[in-house]
Amino acid sequence: MKPRRWAAGLALALPAVAGAQWRVVSPPAAAAWFAVLDSLGADGRGAFAFTKSAQPGRTALGRSLAHGDRHDILHFVPLYYPSASRGALADALTDAAGDAPPSTPRAQFLVGALRQTLPNPADRAVLRELAALLRRTSPPAIAPATLAAMQAYWDRRLAGPLAPFLHDERLDAGMLWILPPLGPEGRIFAGVAADRTDNLAAVGAARDAENGPLYAAVRELCFPLVSRVAEASAAFRRRVTSGDDAAHRTSVAAVRCGAELLDRVAPSEAGAYRTHWLSLASRDGPFDAAFPPDPALQAGIRAALARYGAAP
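None of the values given here were measured: they were computed from a predicted structure.

Caption draft 1: Summary view of helix 6 (residues 126–135). Residues of helix 6 that are buried: Val-126, Leu-127, Leu-130, Ala-131 and Leu-134. All buried residues of helix 6 fall inside an arc of 140° around its axis, so they share one side. Elements that come into contact with the buried residues of helix 6 comprise helix 1 (28–40), helix 2 (60–65), helix 3 (86–97), helix 4 (108–117) and helix 5 (121–124).

Caption draft 2: Geometry of the nonpolar core. In this structure, Trp-154, Leu-162, Leu-176, Leu-262, Trp-277, Phe-291 and Ile-301 are the most contacted members of the largest nonpolar core, which totals 58 residues. Sorting elements by how many residues they give to this core places helix 11 (residues 243–265) first, with ten residues. Counting residues in each nonpolar core, the second largest holds 43 residues, with Ala-32, Phe-34, Tyr-80 and Leu-110 among its members.

Caption draft 3: Examining the environment of Thr-59 more closely. Topologically, Thr-59 is positioned in the loop between helix 1 and helix 2. Sequence separation of Thr-59 and Gly-41 is 18 residues, and the distance between their C-alpha atoms is 6.5 Å. Ignoring any residue separated from it by four or fewer positions in sequence, one finds Thr-59 in contact with Ser-39 and Leu-40.

Caption draft 4: How the structure looks around the pairing of strand 4 (residues 200–203). Neither face of strand 4 is open: one carries Leu-200 and Ala-202, the other Ala-201 and Val-203, and all of them are buried. Bridge count between strand 2 (residues 173–178) and strand 4: four bridges; the pairing is parallel. Its bridge partner being in strand 4, Leu-176 is matched across the sheet by Ala-201. In the sheet, strand 3 (residues 187–189) pairs with strand 4 via three bridges, with the strands oriented antiparallel. From the neighbouring strand, Arg-187 faces strand 4, where its bridge partner is Ala-202.

Caption draft 5: Representation of the sheet that holds strand 3 within the structure. Ordered by their spatial adjacency, four strands build an open sheet running 1-2-4-3, and the pairing between neighbours is mixed. Unpaired on one side and paired on the other, strand 1 (21–25) and strand 3 mark the two borders of the sheet. This sheet shows a mean twist of 15° between the axes of neighbouring strands, independent of strand direction. Helix 8 (residues 212–221) contacts strand 1, strand 2, strand 3 and strand 4 of the sheet and is inclined by roughly 130° relative to strand 4.

Caption draft 6: Representation of the packing of helix 7 (residues 144–168) against helix 11 within the structure. Across the interface, helix 7 lies against helix 11 with an axial gap of 10 Å and an inter-helix angle of 110°. Relative to helix 11, the element helix 7 lies roughly perpendicular. Contacts between helix 7 and helix 11 involve Leu-158, Pro-161, Leu-162 and Phe-165 on the former and, on the latter, Leu-261, Leu-262 and Val-265. For the contact of helix 7 with helix 11, the residue count by class is seven nonpolar, no polar and no charged.

Analysis parameters
Note on numbering: residues in each chain are counted from 1, in written sequence order. In view of the model being predicted, local features appear only for residues whose pLDDT reaches at least 70, and side-chain atom pairs are presented and counted only at 80 or more, with totals across whole chains, interfaces and linings using the full set of residues. Neither water nor hydrogens contribute to the side-chain values; these are computed over all heavy atoms in the structure. Relative accessible area decides the class of each residue, using a 1.4 Å probe on protein chains only: under 20% of the type maximum gives buried, over 50% gives exposed, and in between gives partly exposed. Put simply, DSSP H or I for four residues or longer makes a helix, DSSP E for two residues or longer makes a strand, and each gets a number counted from the N terminus. What the arc covers is the set of directions going from the helix axis to the C-beta atoms. Should any heavy atoms of two residues lie within 4.5 Å, those residues are counted as being in contact. Residues grouped as a nonpolar core are buried Ala, Val, Leu, Ile, Met, Phe, Trp, Tyr and Cys residues, joined through side-chain atoms within 4.5 Å. By the convention used here, strands pair only if DSSP detects at least 2 bridges between them. For helices, the fitted axis covers only the stretch in contact; all axes are lines through C-alpha atoms, and the angles between them, taken along N-to-C directions, range from 0 to 180 degrees. Every angle not falling under 35 degrees, over 145, or within 65 to 115 is termed oblique; those three ranges are roughly parallel, roughly antiparallel and roughly perpendicular. Only Asp, Glu, Lys and Arg are considered charged, only Ala, Val, Leu, Ile, Met, Phe, Trp, Tyr, Cys and Pro nonpolar, and every remaining residue, Gly among them, polar.

Right, here's the structure in full:
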């Protein structure tokens, strides 16, 4: 996928810490943006729906944006400008549609990424329409108490056990966005290799369990590892039939990676993780039938996870 589920960002360095310092938040601008994509039925490529309603191509604009390499970047827009308000994000989209310098330096990364991915001004014209929709969209909200409860659970039950893995992946710290308009397919934006703080993961709100978003986040945090294994696997490259096939297979592999990681570092959480993902897949189980191992990826993923202890 271009832009891929993990990418280079901007960063400051942070030394290794005892726990994974991820902050659970729900930024209104990002929630509003994905509500716009959800209202249009703008879907992406993967094993699961990219937005909550799961009605791809609901509108003519949504159909024009769905499953197109050129517009995959739209599913990452807020992650490229995480400090933006809803108005600032709309301004950046409008700026990107033209050729003038961004109206604010903070928007430069997003504007540059959009112009690079959509070099044809005709392809960028849709950004003005999306900006207008964004200005009219009220973001769905999550109660602060709900976010605080998830933060407490993450800090108490997951941060410590996951810390060695996240340190090795240079994902020690970041922001975990809980966004109601997102579907089971989340997003992850990893910072540059020298940084351990400039990381973002975005997942949907819970529908099956109060800590479901945290289990969704574990899967997203596995994506950099899964992507590396896929890129290194000649067997995977030989067997992939299309970009959609690659996205589907790595998506499923990331679900399995999260389960196997928790088996090793937090086995008391692994059952709830599997239950959450079976619910999202609308399956009763068994887990291995719903999410079968990929012969071209499984051995590489398991070898990479072996350092975190033996699976039960």
